[in-house]
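Close look at the chain arrangement
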Amino acid sequence: MMALPGGRHMDSISLPGQRLHLMQVDSVQRWMEDLKLMTECECMCILQAKPISLEEDTQGDLILAGGPGPGDPLQLLLKRGWVVSTELRRIGQKLAQDRWARVHSMSVRLTCHARSMVSEYSAVSRSSSQEMGQIEKLLMEKCSELSAITERCLQVENEHVLKSMKACVSETLSTLGQHFGQLLELALTREVQALVRKIDASDNIYITESTTGNLFSLTQEGAPLCRIIAKEGGVVALFKVCRQDSFRCLYPQALRTLASICCVEEGVHQLEKVDGVLCLADILTDDSHSEATRAEAAAVVAQVTSPHLPFTQHLSSFLESMEEIVTALVKLCQEASSGEVFLLASAALANITFFDTMACEMLLQLNAIRVLLEACSDKQRVDTPYTRDQIVTILANMSVLEQCASDIIQENGIQLIMGMLSEKPRSGTPAEVAACERVQQKAAVTLARLSRDPEVAREAVRLSCMSRLIELCRSPSERNSSDAVLVACLAALRRLAGVCPEGLQESDFQQLVQPRLVDSFLLCSNMEESFV
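Criteria and thresholds
Residues numbered from 1 in each chain as written. Predicted model: local features only at pLDDT ≥ 70, side-chain atom pairs only at ≥ 80, totals over all residues. Heavy atoms only, no water. 1 Å grid on protein atoms, 1.4 Å probe; cavity = no way out; pocket = protein on both sides within 12 Å on 5 of 7 lines; lining within 4 Å. Points joined across faces, edges and corners; volume = space filled by probe spheres on them. Helix = DSSP H or I, 4+ residues; strand = E, 2+ residues; numbered from the N terminus. Core = buried A, V, L, I, M, F, W, Y, C linked by side-chain atoms within 4.5 Å. Buried < 20%, exposed > 50% of the residue type's maximum accessible area, 1.4 Å probe, protein only. Contact = heavy atoms within 4.5 Å. Salt bridge = Lys/Arg side-chain N within 4 Å of Asp/Glu carboxyl O. Polar contact = N/O pair within 3.5 Å; in protein donor to acceptor, adjacent residues only side chain to side chain. Axes fitted to C-alpha atoms, helices over the stretch in contact; angles between N-to-C directions. Parallel < 35°, antiparallel > 145°, perpendicular 65-115°, else oblique. Left-handed = near helix turned anticlockwise from the far one by under 90°. Nonpolar A, V, L, I, M, F, W, Y, C, P; charged D, E, K, R; others polar.

What follows concerns empty space enclosed by the protein. In the structure shown here, the tally under the stated rule is one cavity of 30 Å³ or more. Computed from the structure, the largest cavity encloses a volume of approximately 50 Å³. If you trace the largest cavity, you find it lined by L77, M117, V118, Y121, M132, E136, L183, L184 and A187. Broken down by secondary-structure element, the contributors of at least two residues to the lining of the largest cavity are α4 (100–124), α5 (130–155) and α6 (159–201).

Before going further, it helps to examine the nonpolar core. Among the nonpolar cores identified, the biggest contains 156 residues, and L255, L271, V301, F318, I325, L329 and I352 are the most heavily contacted of them. Sort the elements by how many residues they give to this core and α6 lands first, with 14 residues. Excluding anything up to four places from it in sequence, V301 contacts L280, L284, F318, I325, L329, A348 and I352.

The final tally for this structure, using the stated rule, is 21 salt bridges. Beyond isolated ion pairs, a larger network of salt bridges with shared partners links K424, R468, E471 and E478.

Mapped onto the elements of the fold, T219 is located in helix α7 (residues 205–219). One polar contact links T219 to Q220, side chain to side chain, over a distance of 2.9 Å. Once residues within four sequence positions are removed from consideration, T219 is found in contact with C226, I229, T257, S260 and I261.

Position of L258 among the secondary structure elements: in helix α10 (residues 251–261). A relative accessible area of 0% means that L258 is categorised as buried. When the C-alpha positions of L258 and L238 are compared, they lie 7.1 Å apart, and in sequence the two are 20 residues distant. Those residues in contact with L258, other than ones at most four positions away along the chain, are V235, L238, F239, C242 and V300.

Here α4 crosses α6 at 20 degrees, and the two axes come no closer than 13 Å. As far as their axial angle goes, α6 and α4 are roughly parallel. Note on packing geometry: the crossing formed by α4 with α6 is left-handed. For the pair formed by α4 and α6, the contact residues are W100, L110, M117, V118 and Y121 on the first element and L162, K166, V169, L176, F180, L183, A187, R190 and E191 on the second. Its residues assigned to classes, the contact of α4 with α6 shows 11 nonpolar, no polar and three charged.

These values are about where atoms sit, not about what they do.
This is how it looks when you write it as structure tokens:
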């Protein structure tokens, strides 16, 4: 998976629900918010007339000391739900360790948390449905049952009896978790329905902006909430916003929310039902829209064409608008005023080259190779390994076409590919290191494919590509010990050696070219670096 700066949540060549100017949650701010939900367990112990535990891990007990503001049912559900979920998980951990005193005290506390959530949500929400009432009753019954059975376990000394009771506790805990999940989903569904109705009915720009922002915040809570939003008409309502001229200033926010929702299958299906691809094509091809709006539309395209999501491959409506979209994306890459805009547009193009092979031919006709390679020398547009990952992905997929080789030579592309073989992370974060590995791997793949053309192979040898490939094969630190990079470099080296064997020393030929690929791979992957 690829992690972009700012936490954007997309795959290696798609863009994850998280990015530079999306909602960024400062870690200290999040810690301070969570701190309100944590306190010592002394108050709860006194309320329950239980002795205060002397165990070392009681300091981490979660007690709801303060909560969301009044009249905010969504935040209440998310905060309280997080606390209950955490308690359930921790009870399971203590149960596995047979720490019965802790299991019981945490079960008592869990009952209080669940009761608080139910009562506080009832106070701020609309009238409860019969189904919710039934599940609330079942939840509280199971909480009481868990507290009672864990209290009995404290009195049992026979290990055989305790073992049978442990299975009963585990089953009760599992059922309780199911009831809690059902209740939380029902409550969140009601709140999402209210938000969607509000967006759908509003003609006030401020109300729509606020409600869309709330919906976007929910998408950042994960795939389950994205599924609820899609099922309850969120995609339909957001595209309705994107089709009204009076809401033009809200298009970026609405599109950003759509990109997050479309990380789940239900979101993509809803997008297709409302002709969402056609709407995206209209936005991308309309120069009267701001660059930010078109960049967000490109982000949605990147999401719905991600090769890592199997359900996106059946998006039949995309093929009808593909030529318009590809043309608009190339133009956006060419005119991008920032690295983020270029990243979004190039990521969409990279995914489209996987989506349909015709896209590569379209890109050739649109002189996309020149646009992309020129951008590589512009630090304002291409300044991170994440962006170079998108560019080299496009080049790798286009390199299967015969004409691609001559275009790349004409634009001095071999030298740029050579530079990508030396991609190094600046920060050393896992995400950036992984991006650099992908750049190196795909650069080697591109070189191997292009070297079918003897002219490309000779140019690569002239630029010392063979030396760099040998270094990557023999030095694990140069490729961050990546096996994928090693395999790609061995394949590229063998292709170049087939055209220009004189560029290799005898030892390199005997170890890296002459043996079977798997033997060379094993030799290099087990090779220890010399520090002499």
